[in-house]
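Architecture at a glance
Here's the letter readout for the chains.
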Amino acid sequence: MFPSWVGRRTAVHLLTRCFQQQQQLQCQLGVVAARFIRTETCIAGLHSVAEGSRIGGRSDWSSSRSFTSEATGSSCIKMTGTVKKYHTVERGAPNSTDYRMFFKTEDAQSISPMHDIPLYANDAKTVFNMVVEVPRWTNAKMEISLADPLNPIKQDVKKGKLRFVANCFPHHGYIWNYGALPQTWENPDHLDPNTGCKGDNDPIDVLEIGSRVAKRGEVVQVKILGTVALIDEGETDWKIISIDVNDPVADQLNDINDVDKVFPGLLKATVEWFKIYKIPDGKPENQFAFNGEAKDAAFATKVVEETHKFWETLINKTVEVSGISCLNTMVEGSPYLVAADAAEELLTKSSNEGKSEPHSDVIYKWHFREENSYSKL
């Protein structure tokens with residue numbers, strides 16, 4: 001069962017450790033009997049640990065684990081079934097206007113990250129898939145391209161130049177893992193009664209506040225904690241606050257009030273970041289609905305559900321919107337559904353050229369305001 005070089009005592013120790021880690025995934029709500037991940041999963045993890053040690057590398061235990069805690073209350077998340085895995089294919093030179101990041105399933109089928117990745121990651125619809133566009137601490141404004149077939153991630157362009165967000169003291173780049181919830185759409189024809197503004201015509205944005213710096217194109221399973229309502233140039237631009245369900249402190253964060261307890265100051269910093277990040281571009285401060293107050297998880301979840309329904313009208317052609325490619329390979333019944341080989345041909349024919357531009361000076365500069373969070377200390 002175990003590699004020949006692994007001693008019996010070592011094997012028992014590692015297997016015991018595996019089961020202990022599964023126990024830690026159980027919510028601390030008086031669950032008497034924990035449901036463990038199948039023994040085969042633990043043994044597979046043990047083989048992974050053993051192989052990593054044999055080649056002198058560091059094995060990442062979390063990469064082989066599954067998240068299957070039982071739902072027994074608000075702090076528990078139930079993951080049923082197998083979480084789908086995706087990988088990315090990069091086309092075009094990095095740091096160029098030709099750069100694109102396409103998505104594929106585990107069995108190499110080309111997909112759209114906006115349309116083909118499910119919004120919900122578990123049967124109870126309490127865990128959501130997040131497509132990471134911008135890893136924490138980076139400046140390049142990467143986003144799912146609405147216009148391109150298969151909706152790859154690309155860098156936003158302004159006046160022919162790649163766009164980067166400025167470092168507004170005391171912040172450096174994006175201060176969370178930033179991305180979008182798939183299968184959502186903020187309808188530009190819908191007047192939101194909460195904000196008095198119409199939608200911004202994009203998938204809904206999501207901020208992941210956990211400790212790990214994610215990778216661009218990663219699909220992360222998150223739970224929703226709350227939301228803030230940015231009013232961006234007269235449009236409603238919801239920012240959903242979330243945390244990776246596998247984060248070490250995820251069980252301590254179940255609603256918006258928990259954020260300040262675990263990450264004191266982060267909500268205030270988040271509102272400040274969105275308020276000032278366009279000032280270096282010569283634009284005024286952004287405004288917020290609710291005076292910048294973050295709304296709770298229940299409110300945020302309803303907003304997400306509403307944008308999911310708007311997406312359904314889009315993908316089923318109940319409404320037609322120019323400038324958005326709805327081409328997909330997995331949404332049954334959609335008039336935009338195409339065969340896998342046709343999607344693969346689109347990927348293959350996409351540009352693989354371009355010239356990498358020098359890194360923008362923006363990412364090395366700091367912008368100060370006379371009055372900021374620290375100016376009066």
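Presented here is an overview of the structure given in this document. (Residues numbered from 1 in each chain as written. Predicted model: local features only at pLDDT ≥ 70, side-chain atom pairs only at ≥ 80, totals over all residues. Heavy atoms only, no water.)

The next point concerns unusual backbone geometry. Between Phe169 and the following residue, Pro170, the backbone shows a cis peptide bond with an omega angle of 5 degrees. With respect to the helices and strands, Pro170 occurs in the loop between strand 9 (167-168) and strand 10 (177-180). With a phi close to 60 degrees, Asn95 is a non-glycine residue in the positive phi region. Examined against the element boundaries, Asn95 turns out to sit in the loop between strand 1 (86-91) and strand 2 (100-105). Backbone geometry at Gln183 places phi at a positive 55 degrees, although glycine is not the residue there. (Helix = DSSP H or I, 4+ residues; strand = E, 2+ residues; numbered from the N terminus.)

Glancing now at helix 5 (residues 297-315). For helix 5, with 19 residues, the first-to-last C-alpha span of 27 Å sits near the 27 Å given by 1.5 Å per residue. Along helix 5, the residues classified as buried are Ala297, Ala300, Val303, Val304, Thr307, His308, Phe310, Trp311, Leu314 and Ile315. On an axial view of helix 5, the arc spanned by its buried residues comes to 160 degrees, and they lie on one face. The exposed residues of helix 5 that point more than 90 degrees off its buried face are Lys302 and Lys309. By the N-cap criterion, in which a side-chain oxygen at the helix start approaches the backbone nitrogen of a residue two or three places on, helix 5 is capped by Asp296, the distance to Ala298 being 3.3 Å. (Expected span 1.5 Å × (residues − 1). Buried < 20%, exposed > 50% of the residue type's maximum accessible area, 1.4 Å probe, protein only. Arc of directions from axis to C-beta. Polar contact = N/O pair within 3.5 Å; in protein donor to acceptor, adjacent residues only side chain to side chain.)

Evaluated as defined, the whole model comprises 13 salt bridges. We note a salt bridge from Lys278 to Asp232, for which the minimum N-O separation is 2.7 Å. Placement of the pair is Lys278 in the loop between helix 4 (266-276) and strand 15 (287-288) and Asp232 in strand 13 (residues 219-232), with a sequence separation of 46 residues. There is no split in this pair, since Lys278 and Asp232 are both buried. Notably, a salt bridge pairs Arg369 with Glu272, separated by 3.3 Å at the nearest N-O pair. Placement of Arg369 in the segment after strand 16 (366-367) and of Glu272 in helix 4 is noted, with a sequence separation of 97 residues between them. You can call Arg369 partly exposed: its relative accessible area is 24%. Through salt bridges with shared partners, a single network forms among Asp232, Glu233, Lys278 and Lys283. (Salt bridge = Lys/Arg side-chain N within 4 Å of Asp/Glu carboxyl O.)

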